[in-house]
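# Summary of the model geometry
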Amino acid sequence: MVRTQIYLDDSQKGRLDRISRKEKHSLAELIRRAVDRYLDEHGRRSGDAAFQKAFGIWHDRKETGTAYVRRLRREWAR
């Protein structure tokens, strides 16, 4: 783990302290969990955009992806 510093306003700190006591987790653990959720959400959004762009790209192909790869490999072997 890497140690870092963040600035919280008084309200944020107070709310996190209450949650920390209630859930019996350290403030650092709560912040790590929040960062993980943020990063997961960010990753999903960028992944969704890439998926949407690629969706249907093979719709007019007669061969499967596996057949396509095999055909290419046969060409390389020549």
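Quick summary incoming for the structure in this document.

Reading the values: rules and limits
Residues numbered from 1 in each chain as written. Predicted model: local features only at pLDDT ≥ 70, side-chain atom pairs only at ≥ 80, totals over all residues. Heavy atoms only, no water. Helix = DSSP H or I, 4+ residues; strand = E, 2+ residues; numbered from the N terminus. Expected span 1.5 Å × (residues − 1). Polar contact = N/O pair within 3.5 Å; in protein donor to acceptor, adjacent residues only side chain to side chain. Patch = residues over 30% accessible without salt bridge, like charges linked within 9 Å, V, L, I, M, F, W, Y side chains within 5 Å. Areas by Shrake-Rupley, 256 points an atom, 1.4 Å probe, with all protein chains shown as cover. Salt bridge = Lys/Arg side-chain N within 4 Å of Asp/Glu carboxyl O. Lys, Arg positive; Asp, Glu negative; His and termini not counted. Charge placed at Lys NZ, Arg CZ, Asp CG, Glu CD. Phe/Tyr/Trp six-rings, centres within 6.5 Å; stacked < 30°, edge-to-face > 60°. Lys NZ or Arg CZ within 6 Å of the ring centre and 35° of its normal.

Moving on, we come to unusual backbone geometry. In most cases, non-glycine residues show a negative phi, while peptide bonds are predominantly trans. For Lys-24, which is not glycine, the phi dihedral falls at a positive 60 degrees. Tracing the sequence through the fold places Lys-24 in the loop between α1 (10-23) and α2 (27-54).

Next up on the list: α1. With 14 residues, α1 should reach 20 Å at 1.5 Å per residue; the first-to-last C-alpha distance of 20 Å fits that figure. The N-terminus of α1 is capped by Asp-9, whose side-chain oxygen sits 3.1 Å from the backbone nitrogen of Ser-11. Once α1 ends, the next one or two residues include Lys-24, with phi positive near 60 degrees.

Taken together, the side chains of Arg-70, Arg-73, Arg-74 and Arg-78 define a basic patch exposed on the protein surface. Here Arg-74 shows up in helix α3 (residues 65-77).

This next bit is on the packing of aromatic side chains. By the definition in use, this model includes zero aromatic pairs. Here Arg-61 stacks its cationic end above the ring of Tyr-68, 5.3 Å away from the centre of that ring.

By themselves these figures say nothing about function.
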